[in-house]
Amino acid sequence: MTKESDSMEIETTRLIVEEGISDFLENLTVDVAIAGAGPSGLVAAKYLAENGAKVAIFERKLSVGGGMWAGGMLFPRIVVEDDAKPILDDLGIKSKKRGNLWVANSVESVVKLASKAIDCGAKIFNSIGIEDVMIRENRVTGFVLNWSAVEIANLHVDPLTIGSKFAIDATGHAAEVCSVVQRKAGKLNTPSGGIEGERSMWAEKSEKLVVKNTKEVYGGLYAMGMAANAVFGAPRMGPIFGGMFLSGKKAAELILDRL
Ligand code: 48F
């Protein structure tokens, strides 16, 4: 509540704390909780929110965009194949046809994708990392989270928890949420029952496999993007991002069917 006698600094503090807390409280339970705001996480959030799901992304870093900002080896360009071009168009990302591939600016891609996800209603909580999950009757029912600053400072601070109907591991190469579930639940829905591990670069194969591997890996938990390829033992692909976009869209469609 505003007090007329407060200085601008005190009023600023009140507004920031009140609005920040209210955002957090409004998202204590969501339809879909996503770990990681890289390209696959943002695409999934956009399509989920656009279709009416209540969706929150928790991103460990200050910035969203994951590995897409820097393009390939810091040249700020990404490429996608024909099958992902409609997603670039849907997001308003400009692209140029070069041979069999479309080339886009990586900075424009992150900015427009994040902006669309937010406009569609997805909530992004940055500087918060997922360190664990809640599991009830063989199903992931929420994320256990903490400020990244706490993790970086190695402080002994207990985390907090949010609830979700479905959870997504979009943490990239490390597949962090799936790793924690494997460790604590003992088994994932993979051929070996565990994380198969990412294989060496093979773009053509990897681009197809990342979409195929986008699926439920444990009750209520989906893996997508590079996390899906790490979990199912598929190769990496470098700065080709069509598979990331298609994987995010597929995860959204699979979950929307079940909501
Ligand atoms: O790595 P990242 O961009 O994952 P992605 O969506 O896309 C992969 C590509 O960038 C690239 C590639 C294909 O072209 O090979 O690598 O699969 O984004 C993952 C995001 O998750 C965050 C991390 O900071 C990054 O922004 N993240 C990782 N672990 C956690 C996390 C965690 N435990 N909690 C919250 N966020």
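Let us look at the structure shown here.

Definitions and cut-offs
- Residues numbered from 1 in each chain as written.
- Predicted model: local features only at pLDDT ≥ 70, side-chain atom pairs only at ≥ 80, totals over all residues.
- Heavy atoms only, no water.
- Near = heavy atom within 4 Å.
- Polar contact = N/O pair within 3.5 Å; in protein donor to acceptor, adjacent residues only side chain to side chain.
- Areas by Shrake-Rupley, 256 points an atom, 1.4 Å probe, with all protein chains shown as cover.
- Helix = DSSP H or I, 4+ residues; strand = E, 2+ residues; numbered from the N terminus.
- Nonpolar A, V, L, I, M, F, W, Y, C, P; charged D, E, K, R; others polar.
- Phe/Tyr/Trp six-rings, centres within 6.5 Å; stacked < 30°, edge-to-face > 60°.
- Buried < 20%, exposed > 50% of the residue type's maximum accessible area, 1.4 Å probe, protein only.
- Expected span 1.5 Å × (residues − 1).
- Contact = heavy atoms within 4.5 Å.
- Core = buried A, V, L, I, M, F, W, Y, C linked by side-chain atoms within 4.5 Å.

As for the site of the ligand
Lining the immediate environment of the ligand, one finds 26 residues, of which Ser40, Glu59, Gly67, Met226 and Gly238 sit closest. Take His173: an N or O atom from its side chain is 2.9 Å from an oxygen atom of the ligand. A distance of 3.2 Å is found between an oxygen atom of the ligand and a backbone nitrogen or oxygen belonging to Ile240. Protein burial of the ligand: of its 730 Å² of free accessible surface, 92% is covered by the chains. Every element with two or more residues in the shell around the ligand is listed here: helix H2 (39-50), strand E2 (55-59) and strand E7 (128-136). Here the residues of the shell around the ligand are counted per class, giving 11 nonpolar, 11 polar and 4 charged.

Digging into the environment of Gly20
In this fold, Gly20 is placed in helix H1 (residues 8-26). Here the alpha-carbon distance between Gly20 and Gly220, two residues 200 residues apart in the chain, equals 28 Å.

Overview of the packing of aromatic side chains
This model, assessed by the stated rule, comprises 3 aromatic pairs. Pairing Phe24 with Phe125 gives two aromatic rings, centres 6.1 Å apart and planes at 90°, and the pair type is edge-to-face. Note that Phe24 is positioned in helix H1 and Phe125 in strand E6 (residues 123-126), a separation of 101 residues in sequence. In this structure, Phe24 and Phe125 share a single accessibility class: buried. On the basis of an interplanar angle of 65° and a centroid distance of 6.2 Å, the ring pair of Phe166 and Tyr222 is categorised as edge-to-face. In this pair, Phe166 sits in strand E9 (residues 160-169) while Tyr222 sits in strand E11 (residues 221-223), placing the two residues 56 residues apart along the sequence. With respect to class, Phe166 is no different from Tyr222; both count as buried.

Quick notes on helix H4 (residues 106-119)
Compared with the 20 Å implied by 1.5 Å per residue over 14 residues, the 20 Å span of H4 between its first and last C-alpha is a close match. Listed in full, the buried residues belonging to H4 are Ser106, Glu108, Ser109, Val110, Leu113, Ala114 and Ala117. Where H4 is buried, its residues contact H2, strand E3 (77-80), strand E5 (101-105) and helix H9 (242-256). Two to three positions downstream of the cap, the backbone nitrogen of Val107 sits 2.8 Å from a side-chain oxygen, assigning the N-cap of H4 to Asn105.

Description of helix H7 (residues 203-212)
Owing to its 3.6 residues per turn, the α-helix aligns residues three or four sequence positions apart on the same side. Among the residues of H7, Ser206, Glu207, Leu209 and Val210 are the ones counted as buried. If you follow the buried residues of H7, they end up packed against helix H8 (226-231) and H9.

Considerations on the nonpolar core
One finds Ile34, Leu42, Leu48, Val55, Ile168 and Phe245 to be the most contacted residues of the largest nonpolar core, which totals 45 residues. At 7 residues, H2 tops the list of elements feeding residues into this core. Residues within four places of Phe245 in sequence aside, it is in contact with Pro39, Val43, Met68, Ile78, Val80, Ile87, Leu88 and Leu113. Listed in part, the 30 residues of the second largest apolar core include Ala56, Val140, Cys178 and Phe232.

Everything listed is a geometric property; what it means functionally is a separate question.
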